[in-house]
Amino acid sequence: MNYEQTLARLCALSGPSGFEEAVAEAAAELLRPLTDEVYFTRLGSVAGVRRCGRANAPKLLLDVHLDEIGFIVTGHEEGFLRFAALGGVDPRMLPGREITLMARPPVPGVVICLPPHIQEDGDMDKAVPIKDLCIDAGLSQEEARRRVPTGTPGTYRGGCAPLGEELLCGKALDDRCGFAVLLDVLERLRDKKLGVDLYVLGSTQEETHSAGAVTAAYEIAPDWCVAVDVTHGDSPDASKHETFKLGGGPVIGVGPNCARSLSGRLKELAKDLDMPVQIEVMAGSSGTNAWPVQVSREGVATAVLSIPERYMHTPIEAVCRRDLEDTAKLLAAFAESLGEGERVC
């Protein structure tokens, strides 16, 4: 798997919650050579199915989300664009930031930024609320209303590129790096015999309310699910107790949102693979699609496997290639370990 190439392609696309069509189409194209069937759900999630060849085989669902945080235009003021957040946007990131507005054709813009020379004392130490910010697209009021109507979504401008020798950096790595990992899993399992039908899901709207995963899980009715997402990576200004080392291996979730049998199996498989892993205690909701999927229909045995990521929900998220590869190795071994007659709790 060429992670740099795949993520450069996926992260360059705009796909905020509710507007994931372009990235879902790209994901479907990447899935087709590796699966027996690719289809879209009613809410726009994309699913690839690798069948094992046995009738009524148990189902394993591997879920990642394709959407990213973003913006939506709420009005116009003298050519400037008022906007609201789609998902967990950090207002500290916004002043002076380049934005791509998903008009037809796309329109570039920048979030307004007051120069330090004319700020009042103390202003530089404060985050400006989103309600007080605008996007400048260089348009008149009439042009702005015509070219960027109310309801137009947008995202940070950017893609994905190397950072040093081991890291990749860019926007929307949460959670498109997870999708690249699942493509790697499918490549590793290409010539392997499985005891399960394997479903790979690129779900929509996770950053707002997980609707894509909820509805897809209801339709697929899996016996097991692993939600693959990102978790907080280490940095000098972050708590050592709440972050995980980049390059330290995949992070296995432990808690009420994670079936103990699956978390335990992931730990044992990592040991067999001589692979470093990290443990994240999740005392309540994992904050991932695992939370709603776990209670789909009569319940789904669910695990959470996370990739350490620095600077989550910013345009400069960073992950380690080695963690991506190890996550794919562990998931491939997990899929191979499941079969007929297994308990599903």
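Let me sum up the structure you'll find in this document.

## Considerations on the sheet that holds strand β10 (residues 160–163)
Spatially, β10-β11-β17 is the arrangement adopted by the 3 strands of the open sheet, whose pairing is antiparallel. The outermost strands of the open sheet, each flanked by one partner alone, are β10 and β17 (317–320). Put simply, the sheet's adjacent strands are angled 30° from each other on average, direction ignored. Along the sheet face, helix α1 (residues 3–11) touches β10 and β11 (167–170) and points at about 140° away from the line of β10. Seen against the sheet, helix α4 (residues 173–188) touches β10, β11 and β17 and runs at an angle of roughly 30° to β17.

## A short note on the packing of α1 against helix α8 (residues 321–337)
In contact at an axis separation of 11 Å, α1 and α8 are set at 95° when each is read in the N-to-C sense. By the angle between their directions, the pair α1 and α8 is classed as roughly perpendicular. Packed against α1, whose contacting residues are Y3, E4 and L7, the element α8 presents R321, L324, E325 and A328 at the interface. Class assignment of the residues belonging to the contact of α1 with α8 gives a composition of 4 nonpolar, no polar and 3 charged.

## Some points on the side chain of R321
Residue placement: R321 occurs in helix α8. Judged by its relative accessible area of 19%, R321 is buried. Residues contacting R321, with those up to four places away along its chain left out, are E4, P162, E165, E166, L167 and L168.

## A word on the sheet that holds strand β16 (residues 301–309)
In space, the 8 strands of this open sheet follow the order β1-β2-β12-β3-β13-β16-β14-β15, with mixed pairing throughout. One side of each edge strand has no neighbouring strand; the edge strands of this open sheet are β1 (37–40) and β15 (278–281). Strand-to-strand twist across the sheet, computed as the mean angle between neighbouring axes with direction ignored, equals 25°. Examined bridge by bridge, strand β3 (residues 59–65) and strand β12 (residues 197–203) share 7 bridges and lie parallel to one another. Within β12, the position partnered with L62 by the bridge is V200. Taken strand by strand, α8 contacts β3, β13 (224–232) and β16, and its axis lies near 165° from that of β16.

## Focus on the pattern of salt bridges
Tallied over the entire structure, the rule returns 13 salt bridges. In this structure, the salt-bridge partner of E68 is K171, at a minimum N-O distance of 3.0 Å. A residue pair is termed long-range when its members are at least 10 positions apart, and E68 in the loop between β3 and β4 (70–77) and K171 in the loop between β11 and α4 qualify at 103 residues. Residue E68 is classed as buried on the basis of its relative accessible area of 3%. On the accessibility criterion, K171 (2% relative accessible area) is buried. Residue K131 is joined to D132 by a salt bridge in which the shortest nitrogen-to-oxygen separation is 3.4 Å. Residue classification places K131 among the exposed positions, given a relative accessible area of 63%. When its relative accessible area of 41% is taken as the criterion, D132 is described as partly exposed. Each of E68, K171 and R176 takes part in a single network of salt bridges with overlapping partners.

## Details of α1
Residues three or four positions apart in an α-helix share a direction because the helix packs 3.6 residues into each turn. The set of residues buried in α1 consists of Y3, T6, L7, L10 and C11. Buried residues in α1, looked at end-on, bunch into an arc of 115°, giving them a common side. On its buried side, α1 packs onto α2 (21–31), β10, β11, α4 and α8.

## A word on the environment of Q278
With respect to the element layout, Q278 can be found in strand β15. A C-alpha to C-alpha distance of 32 Å links Q278 and E219, two positions 59 residues apart in sequence.

## Quick word on unusual backbone geometry
Residues R104 and P105 are joined by a peptide bond in cis, for which omega reads 0°. Along the polypeptide, P105 turns up in the loop between β6 (98–101) and β7 (107–111). Cis peptide bonds are those with omega within 30 degrees of zero, and the linkage from D174 to D175 qualifies with 10°. If you check the backbone angles, Q205 has positive phi at about 65° while not being a glycine.

## Some points on the pairing of β7
Side chains V107, G109 and V111 project from β7 onto a buried face, and the interleaved P108 and V110 project onto a face without burial. Pairing analysis gives 4 bridges linking β6 to β7, with the strands arranged antiparallel. Of the residues in β7, the one forming a bridge with L101 is V107. Hairpin remark: β6 followed by β7, antiparallel, with 5 residues in the connecting loop.

Here is what the cut-offs are and how they apply
Each chain carries its own residue numbering, running from 1 in the direction its sequence is written. The predicted origin of the model limits local features to residues at a pLDDT of at least 70 and limits the giving and counting of side-chain atom pairs to 80 or more, whereas totals for whole chains, interfaces and linings rest on all residues. Working from all heavy atoms in the structure, the side-chain values ignore hydrogens and water. A pair of strands is treated as paired once DSSP finds two or more bridges between them. Each helix is a run of H or I in the DSSP string that is no shorter than four residues. Each strand is a run of E no shorter than two, and both are numbered from the N terminus. In this analysis an axis means a line fitted to C-alpha atoms, helices contributing only their contacting stretch, and an angle means the value between N-to-C directions, from 0 to 180 degrees. We call two residues contacting when some pair of their heavy atoms lies within 4.5 Å. Should an angle fall under 35 degrees it is taken as roughly parallel, and over 145 as roughly antiparallel, whereas 65 to 115 is taken as roughly perpendicular and any remaining angle as oblique. Note on residue classes: Ala, Val, Leu, Ile, Met, Phe, Trp, Tyr, Cys and Pro are nonpolar, Asp, Glu, Lys and Arg are charged, and everything else, Gly too, is polar. Exposure is judged per residue with a 1.4 Å probe applied to protein chains only, and the accessible area is read against the type maximum: over 50% gives exposed, under 20% gives buried, and values in between give partly exposed. In the sections that follow, a salt bridge refers to a side-chain nitrogen of Lys or Arg positioned within 4 Å of a carboxyl oxygen of Asp or Glu. What the arc measures is the spread of directions leading from the helix axis to the C-beta atoms.

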